[in-house]
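Coordinate analysis (summary)
Take a look at the letters that make up each chain.
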Amino acid sequence: MAKGDRAAFDELYRRTSPWLAVRLRRRCADEQIVAEVMQETYLAVWRAAGAFAGSAVGGTAVGWLWTIAARRLVDAFRRRAHHAEPPAAAAERAVVPAAEEEALAATVGGDVGDALRRLAPELRQVLQAMVLDGLTVRETAVLLRLPEGTVKTRARRARIAMREELA
C-alpha cells in the first residue's frame, strides 16, 4: 500500500472497516459522524501509508489505524461542538457486552484483565481511552463528554483501584 497499490488498500479496507465501524459506533451514535470519520481515516491511511513505521517500532497496522480514527473522531466532536451538543456515546445505551469488551477480555487476560473488568464502568471507560487507545486527557474528555478534571480524577481512581486489585 505504501507503494500506491490500490489492491492492497482495498484488502486493508475489506479486513478492517467492519471492525473499525463497530468500534466507532461504540463511541458515537451519530451514523453521519461515523461515516465521515471512516472516510477521513482511510483517506489519511492511504496518504500516509509510506510513513507507517510498523513493527520497527513495535506497532501494528490495526493499532495505527485505530489511533488515526480515534483522533479523527475527537476532531469531529470538536467541529460539531461549535454548532450543537456532541452526540451521545453509544456505550451509554449498551445493555449487553459489546464485541469490543469481549475482545478486550480476550486480549487483556489474567489478573490484569480480571482487575480491569471489576472496575466501575466510568473508570474503565477512561482507562480504556487513555491507556489502551492512547488518547490524551483532552481527547478523552471530548470523546466521553466529560470535563478534563473529571477525566483526570477518574484516571487516578482507576489506577489506584487497579494497583489495589493487583497487589
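Residues numbered from 1 in each chain as written. Predicted model: local features only at pLDDT ≥ 70, side-chain atom pairs only at ≥ 80, totals over all residues. Heavy atoms only, no water.

With respect to the overall build of the chain
When helices and strands are tallied, the chain shows eight helices and zero strands. Looking at the chain residue by residue over its 167 residues, the buried ones come to 36%. Pairs at least 24 residues apart make up 69% of the contacts formed inside the chain by residues separated by at least 6 positions. Surface summary for the chain: the accessible area is close to 9700 Å², and the carbon and sulfur share equals 54%. (Helix = DSSP H or I, 4+ residues; strand = E, 2+ residues; numbered from the N terminus. Buried < 20%, exposed > 50% of the residue type's maximum accessible area, 1.4 Å probe, protein only. Contact = heavy atoms within 4.5 Å. Areas by Shrake-Rupley, 256 points an atom, 1.4 Å probe, with all protein chains shown as cover.)

A word on the nonpolar core
Ranked by internal contacts, the top residues of the largest apolar core, which has 24 residues, are Leu20, Leu24, Ile33, Met38 and Leu73. The element best represented in this core is helix H3 (residues 61-81), accounting for nine residues. When near neighbours in sequence (up to four residues on either side) are disregarded, Leu20 contacts Met38, Thr41, Tyr42, Leu65, Trp66 and Ala69. One finds Ala115, Leu119, Leu127 and Ala161 within the second-largest nonpolar core, a separate group that totals eight residues. (Core = buried A, V, L, I, M, F, W, Y, C linked by side-chain atoms within 4.5 Å.)

Thoughts on the packing of aromatic side chains
This model, assessed by the stated rule, comprises four aromatic pairs. With 5.3 Å between their ring centres and 75° between their planes, Phe9 and Trp46 make a pair best called edge-to-face. Here Trp46 lies in helix H2 (residues 31-48) and Phe9 lies in helix H1 (residues 6-27), a separation of 37 residues in the sequence. The exposure class of Phe9 is buried, given its relative accessible area of 11%. The exposure class of Trp46 is partly exposed, given its relative accessible area of 31%. When the centroid spacing of 6.5 Å and the interplanar angle of 70° are considered together, the rings of Trp19 and Trp66 count as edge-to-face. Of the two residues, Trp19 sits in helix H1 while Trp66 sits in helix H3, which places them 47 residues apart along the sequence. Residue Trp19 is classed as partly exposed on the basis of its relative accessible area of 32%. Through a chain of ring-to-ring contacts, three or more aromatic side chains come together here, namely Phe9, Tyr13, Tyr42 and Trp46. (Phe/Tyr/Trp six-rings, centres within 6.5 Å; stacked < 30°, edge-to-face > 60°.)

Here we look at the pattern of salt bridges
By the definition in use, this model includes nine salt bridges. Ionic pairing is found between Arg25 and Glu31, a salt bridge with its closest N-O pair at 2.8 Å. One salt-bridge network, in which partners are shared between bridges, spans Glu11, Arg14 and Arg15. (Salt bridge = Lys/Arg side-chain N within 4 Å of Asp/Glu carboxyl O.)

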